[in-house]
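# Geometric and topological summary
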Amino acid sequence: AGECEVALVDQPSGKLRIVVSYNREKDYTGLEMEDGEGIMGRATQTRRTVIIEDYATWEGRSPKFDPVHRTVICVPLL
């Protein structure tokens, strides 16, 4: 089953806020992350798609998310 999240960047602060959390084990809607935090922060900063093959062991993983998935992809929508 597919899962996804959509986050928007707050322009003044640079923080990311999850506005959609679909089919996840936990609803992360409303969660805020710092600029550059986690895979979403990395994709936002680099403006490039980021693919992590083993998210549970990735050094950039945000502690705000449970490492349930192995491969994670994040695509910035510019």
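Residues numbered from 1 in each chain as written. Predicted model: local features only at pLDDT ≥ 70, side-chain atom pairs only at ≥ 80, totals over all residues. Heavy atoms only, no water.

### Focus: the packing of aromatic side chains
Across all of its chains, the model carries two aromatic pairs by this definition. Each ring, one from Y28 and one from F65, has its centre 4.6 Å from the other, and the planes form 45 degrees; the classification is tilted. Of the two residues, Y28 sits in the loop between β2 (16-22) and β3 (32-33) while F65 sits in the loop between β4 (50-52) and β5 (72-74), which places them 37 residues apart along the sequence. Its relative accessible area of 3% is what places Y28 among the buried residues. For the pair Y55 and W58, a centre-to-centre distance of 5.9 Å together with 35 degrees between the ring planes defines the contact as tilted. (Phe/Tyr/Trp six-rings, centres within 6.5 Å; stacked < 30°, edge-to-face > 60°. Helix = DSSP H or I, 4+ residues; strand = E, 2+ residues; numbered from the N terminus. Buried < 20%, exposed > 50% of the residue type's maximum accessible area, 1.4 Å probe, protein only.)

### So, a nonpolar patch on the surface
Judged by side-chain polarity, V6, L8, V19, V20 and Y22 come together as a nonpolar surface patch covering roughly 420 Å² of accessible area. Residue assignment for the nonpolar patch shows that the elements contributing at least two residues are β1 (4-9) and β2. With three residues, β2 is the single largest residue contributor to the nonpolar patch. Of note, V19 is situated in strand β2. Its relative accessible area of 37% is what places V19 among the partly exposed residues. (Patch = residues over 30% accessible without salt bridge, like charges linked within 9 Å, V, L, I, M, F, W, Y side chains within 5 Å. Areas by Shrake-Rupley, 256 points an atom, 1.4 Å probe, with all protein chains shown as cover. Salt bridge = Lys/Arg side-chain N within 4 Å of Asp/Glu carboxyl O.)

### Quick notes on unusual backbone geometry
Located in the positive-phi region is N23, a residue other than glycine, with phi close to 60 degrees. Among the secondary structure elements, N23 is positioned in the loop between β2 and β3. The exposure class of N23 is partly exposed, given its relative accessible area of 40%. The phi torsion at R47 lies on the positive side, around 60 degrees, for a residue other than glycine. On the secondary structure map, R47 appears in the loop between α1 (38-46) and β4.

### Let's talk about α1
Turning to α1, its buried residues are G38, I39, M40, G41 and A43. Taken from the residues just after α1, R47 is the one with a positive phi, measuring 60 degrees.

### Observations regarding the sheet that holds β3
Within the open sheet, the three strands sit side by side as β1-β2-β3. Their pairing is antiparallel. Both edges of this open sheet fall to β1 and β3, since each of them pairs with a single strand only. Bridge analysis of β1 against β2 gives six bridges, and the strand direction is antiparallel. When the bridges of β2 are listed, C4 appears paired with Y22. Each of β1, β2 and β3 touches α1; the most contacted strand, β2, lies at about 120 degrees to it. (Pairing = 2+ DSSP bridges. Contact = heavy atoms within 4.5 Å. Axes fitted to C-alpha atoms, helices over the stretch in contact; angles between N-to-C directions.)

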